[in-house]
Each structure stands twice: as C-alpha cells, then as structure tokens.
Amino acid sequence: MRRNDREMNQEFAYYVIDKAPFATISMVRPDGSAYGIPISVVREDDHFYFHSAMEGEKLESILYQNEICISAVSRCRPVPDKFTLEYESAVVWGKVYLVSEKEERIHGLSMIC
C-alpha cells in the first residue's frame, strides 16, 4: 500500500465489504490477461460467497488460477470544494474454491439473496 498511514485492519476491511452494495472480483484469464467483474458478495467469518454461472469467463478464470482479489467501496460522497471523494474501501486477497456440497451451496446462496 502506498499510503501506509491510511492502512486499516482486517476488521475494518470486513466492515466495508459487509456494507458495500457490491464488490469487484479480479482474477487472471487463461490467456494471462486481467479480468474483473462486479459481484454480490457476502461474508461468513473468513469465508466469502458469491454466485457464478457454471460456464463463462469467470468460471474459466477461477479454474485456471484460483487466486483472486476482491475490492469494495462504501460510504462514498463527493467533496466538490476539495476536488475529491470521501469513501471507505477495502481490498482482500485469497483463493476461491467451488462449493460442491448442496447444503453449503444453498446456505451461501441464501445469504446472498
């Protein structure tokens, strides 16, 4: 992080992600190029859940390389006289795994909806 004086802890990151209306997941495509897409994400403890179709670019990228980055922004408001925005943001990195157990899939989807 360039501005270490603004770095926050994990609890703050989870707070921002929990209240953000959406997040962006970033990953690497099989051809090596970057891929990012907005998602609805929910968190339970240290686990994040998001929905994915069983085909398409997101799934292909996850199967190619399961390392991802999730970024979220909440409480954003312009400050025109200072030519800036005030906002809270969080970035987390981790690995994504497909949920195969039916009960956990239903649990994850019910938290999103």
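Up top is the structure.
Residues numbered from 1 in each chain as written. Predicted model: local features only at pLDDT ≥ 70, side-chain atom pairs only at ≥ 80, totals over all residues. Heavy atoms only, no water.

K.L.:
I'm lost on the overall build of the chain in this one. Help?
P.N.:
Helix and strand content of the chain: 3 helices and 6 strands. In the chain, the order of α-helices and β-strands from amino to carboxyl end is α-β-β-β-β-α-β-β-α. Once the C-alpha set of the chain is aligned to its principal axes, its extents read approximately 50 × 35 × 25 Å. Across the 113 residues that make up the chain, the buried fraction comes to 26%. Taking as baseline every contact in the chain between residues at least 6 positions apart, the subset at least 24 positions apart corresponds to 57%. Positive and negative charge centroids in the chain, built from 13 and 18 side chains respectively, lie 7 Å apart. (Helix = DSSP H or I, 4+ residues; strand = E, 2+ residues; numbered from the N terminus. Buried < 20%, exposed > 50% of the residue type's maximum accessible area, 1.4 Å probe, protein only. Contact = heavy atoms within 4.5 Å. Lys, Arg positive; Asp, Glu negative; His and termini not counted. Charge placed at Lys NZ, Arg CZ, Asp CG, Glu CD.)

K.L.:
Help me understand the state of the cysteines, please; the structure alone is not making it clear to me.
P.N.:
Between two cysteines, a covalent bond joining their sulfur atoms is known as a disulfide. Under the criterion given, the structure shown has 0 disulfides. Take Cys 69: it sits in no disulfide, and the sulfur closest to it among the cysteines is that of Cys 76, at 18 Å. (Disulfide = S-S within 2.5 Å.)

K.L.:
I'm lost on helix 2 (residues 57-64) in this one. Help?
P.N.:
An α-helical segment advances 3.6 residues per turn. Residues three or four places apart therefore align on the same side. When we look at burial in helix 2, the residues that qualify are Lys 58, Leu 59, Ser 61 and Ile 62. Looking straight down helix 2, one finds that the buried residues subtend no more than 160° of arc, so they occupy a single side. Residues of helix 2 that are buried sit in contact with strand 1 (23-28), strand 2 (34-39) and strand 4 (47-50). (Arc of directions from axis to C-beta.)

K.L.:
Please explain the pairing of strand 6 (residues 84-95) as it appears in this structure.
P.N.:
When a strand is regular, its side chains alternate between the sheet's two faces. Both strand 5 (residues 67-79) and strand 6 contribute to a ladder of 11 bridges, which runs antiparallel. Note on strand 6: the bridge partner recorded for Ile 68 is Gly 94. Adjacent in sequence and paired antiparallel, strand 5 and strand 6 are bridged by 4 residues, among which Phe 83 carries a positive phi angle near 55°. (Pairing = 2+ DSSP bridges.)

K.L.:
What exactly am I supposed to notice about unusual backbone geometry here?
P.N.:
Only a minority of non-glycine residues have a phi that is not negative, and only a minority of peptide bonds are not trans. Unlike most non-glycine residues, Asp 45 shows phi in positive territory, near 55°. With a relative accessible area of 59%, Asp 45 lands in the exposed category. Not every positive phi belongs to a glycine, and Arg 75 is a case in point at roughly 50°. One can find Arg 75 in strand 5. The class of Arg 75 is partly exposed, set by a relative accessible area of 46%.

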